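# Results of the structural survey
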Amino acid sequence: MKYIDEARIWDLLKTGRRAGIEDIAGILRKSRALERLTLSEAAALLRAEDPESLNLIFEAARCVKNAVYGSRVVLFTPLYISNFCSNGCVYCAFQANNTGIERRQLSEKEILEETQWLLSRGHKRILMVAGEKAPAGTSTIEYYTQSIRAIYSAKVGANNIRRVNVNVAPLSTAEFRELKRAGIGTYQLFQETYHDATYRQVHPYGSKSDPDERLDAIDRAFLAGIDDVGIGALYGLYDYRFETLALLMHIGHLENKHRVGPHTISVPRIEPAGVAFTEQVPHRVSDGEFKKLVAVLRLAVPYTGIILSTRETPAMRNELFTLGVSQVSAESCTSPGAHTPGGNNGNAGTQFTLNDHRSLDEVIDALMARDLIPSFCTACYRTHRTGEAFMNLARPGTIQGKCRLNALVTLREYLDDFASSAVKKKGYELINRVRETLDEEDKKRLSVFFEDIAKGARDEYV
Ligand code: SAM
Ligand code: SF4
């Protein structure tokens, strides 16, 4: 696979010197100074297994997360619009020759209904998800742009969706341009596995079967002007340490070529999908290994967001909230139309099983119980703080003040409009506590925002 030097990765993992506690502490000092780690340093952390080293790694990850992102965690929710697919990914229920599920592509009206349901729960950020085109007429660029327009057009009270991120199959450069024009935030695409032979085995047919073509798609998205891209690996297909170093190698390539790395990294673990492959995951990643790889990614690329989905259990998510993730989903479903079953959407097949079924209110409660500020902020991409501009603000920590203020404003909106009374009470207390830590100027700005919210204004930000 292009840009991925497998021999080098194995060399670092197998023959590299096992780091002693002093070496680990030295690497972590570099991380705490918010410097990027080399591949060899990241490999040393991934090789650590003793509890003392692991505790130091987790502690440093918490510290780096706080230094770069402060205590805010951004919330989003996926919206599946089609489960038709022409590919043969062996781990996915949407694979083309799975006749056991009902297929459906949502109409504009159905997408509007789903979006309105999500808005009525308090969501502001959507990740639009679809299978790859098949049969003709499904998952076309026209369908995607129409769907994005439908999502943005939905309204509940004074609330609307403020950011649509997209996770769909690779597109041509011209199609990526159209996606950008439709007003997307991040374009997300997971390489699934960076191990060439494994990639070819688990993607036996369809356009996804060429690993280099998939890798190229991210470069094409950049060239088409999409400077917020998200990458990821599907953990469980191959050795987790290999995939983590390969992700870092991919980031190195993007930074060299486009002067900016990905906006986010996703770390999905394979879940049961009702297909034979997921009953015996070949490289299942244990909870301990998973926590370690998230922490190492946090330390290795401090300025890249890490996304955590509801594939993970509430207990695992609660732990990872403080360990370095910066975006989490809530109230997810993996089948098109599942939020509004009363409508015409029927029971389309699900892609895989989820493990965190808490409501948005409960997830917000869990975040606040850990002194984290739930945020629905979407200011950056609407003020053109994306790509390189975002990185230039993130590196000196300038972005953090804006994030905190916007997090408090969007949390206040959520509490006023959607929260249960218990969460409202805890939320207002949290806001008051955080308010006390702001400087006088930000305190004044926050008061002005809150007065506006009380008068009915929504969607103000810095
Ligand atoms: N169809 C497009 C693709 O594959 O890139 C985009 C959407 S696909 C529905 C989103 C992601 O779901 C895939 O990239 C894959 O990593 C993940 N996925 C598929 N099957 C899964 C499973 N059994 N467990 C967890 N994640 C899975
Ligand atoms: Fe299709 Fe994506 Fe599922 Fe593969 S992972 S079968 S491309 S929906």
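Residues numbered from 1 in each chain as written. Chains lettered and ligands numbered in written order. Predicted model: local features only at pLDDT ≥ 70, side-chain atom pairs only at ≥ 80, totals over all residues. Heavy atoms only, no water.

### Here we look at helix α12 (residues 287–300)
Here is the rule we go by: Every helix listed is a DSSP run of H or I at least four residues long, and every strand listed is a run of E at least two residues long, numbered separately from the N terminus. A helix is expected to span 1.5 Å for every residue after the first. Only protein chains enter the accessibility calculation, which uses a 1.4 Å probe; a residue whose area is less than 20% of its type maximum is buried, one above 50% is exposed, and one in between is partly exposed.
Between its first and last C-alpha atoms α12 spans 20 Å; for 14 residues at 1.5 Å apiece the expected length is 20 Å, and the two agree. A large share of α12 lies buried, amounting to eleven of its 14 residues. Three or more residues of α12 are buried, namely Phe290, Lys291, Lys292, Leu293, Val294, Ala295, Val296, Leu297, Arg298, Leu299 and Ala300.

### Quick word on the pattern of salt bridges
Close approach of charged atoms allows side chains with opposite charge to pair. The line we're drawing: A side-chain nitrogen of Lys or Arg and a carboxyl oxygen of Asp or Glu constitute a salt bridge if their distance falls within 4 Å.
Under the counting rule described, the total for this entry stands at 28 salt bridges. Across the salt bridge formed by Arg162 and Asp459, the nearest N and O atoms sit 3.4 Å from each other. Taken together, the positions of Arg162 in the loop between α6 (141–153) and β3 (163–167) and Asp459 in the segment after α19 (440–454) put the pair 297 residues apart, joining distant regions of the chain. Between Arg358 and Asp356 there is a salt bridge whose closest N-O contact spans 2.7 Å. Across the pair, Asp356 and Arg358 agree in class, each one buried. Bridged by salt links that share partners, the residues Arg162, Glu413 and Asp459 form one connected network.

### A few points about the packing of helix α13 (residues 314–321) against helix α14 (residues 360–369)
Put simply, the test is: Note on definitions: angles span 0 to 180 degrees between N-to-C directions of axes, and those axes are lines fitted to C-alpha atoms, for helices only across the stretch in contact. Should an angle fall under 35 degrees it is taken as roughly parallel, and over 145 as roughly antiparallel, whereas 65 to 115 is taken as roughly perpendicular and any remaining angle as oblique. Should the near helix be turned anticlockwise from the far one by less than a right angle, the crossing is left-handed, and should it be turned clockwise, the crossing is right-handed. In this analysis, two residues are considered to be in contact whenever any of their non-hydrogen atoms come within 4.5 Å of each other. Nonpolar residues are Ala, Val, Leu, Ile, Met, Phe, Trp, Tyr, Cys and Pro. Charged residues are Asp, Glu, Lys and Arg, and all others, Gly as well, are polar.
Interhelical geometry of α13 versus α14 gives an angle of 45 degrees and a closest axis separation of 10 Å. The orientation of α13 with respect to α14, classified from their angle, is oblique. At the point where α13 passes α14, the crossing takes the right-handed sense. Residues Arg317, Asn318 and Phe321 of α13 form the contact with α14, whose own contacting residues are Val363, Ala366 and Leu367. Of the residues that constitute the contact of α13 with α14, the class distribution is four nonpolar, one polar and one charged.

### Thoughts on the site of ligand 1
In plain terms, the rule: Whether a residue is near a molecule or strand is decided by its heavy atoms; if any one of them lies within 4 Å of it, the residue is near. The term polar contact refers here to a pair of N or O atoms within 3.5 Å; inside protein, the definition further demands a hydrogen-donor-capable atom paired with an acceptor-capable atom, and it admits residues adjacent in sequence only when both atoms are side-chain atoms. Residue burial considers only the protein chains on display, and all accessible areas are found by Shrake-Rupley using a 1.4 Å probe.
Every one of the 21 residues lining ligand 1 counts as a neighbour, but Tyr91, Glu192, Lys208, Arg214 and Glu271 are closest to it. In the model, a nitrogen atom of ligand 1 is placed 2.9 Å from a nitrogen or oxygen of the Tyr91 main chain. Protein chains shield 95% of the accessible area of ligand 1, which is 560 Å² for the free molecule. Here the residues of the shell around ligand 1 sort into eleven nonpolar, four polar and six charged.

### Observations regarding the site of ligand 2
Near ligand 2 the following residues occur: Cys85, Asn87, Cys89, Tyr91, Cys92, Phe94, Gln95, Gly131, Lys208 and Gln351. Among the residues forming the shell around ligand 2, the class breakdown is five nonpolar, four polar and one charged.

### Here we look at the packing of helix α1 (residues 6–15) against helix α10 (residues 240–258)
At a closest axis distance of 10 Å, the pairing of α1 and α10 adopts a crossing angle of 125 degrees. In this view, α1 runs oblique relative to α10, as classed from their interaxial angle. Along this stretch, α1 crosses α10, giving a crossing that reads as right-handed. Of α10, the residues touching α1 (which contributes Glu6, Arg8, Ile9, Trp10, Leu12 and Leu13) are Arg241, Phe242, Leu245, Ala246 and Met249. Grouping the constituent residues of the contact of α1 with α10 by class yields eight nonpolar, no polar and three charged.

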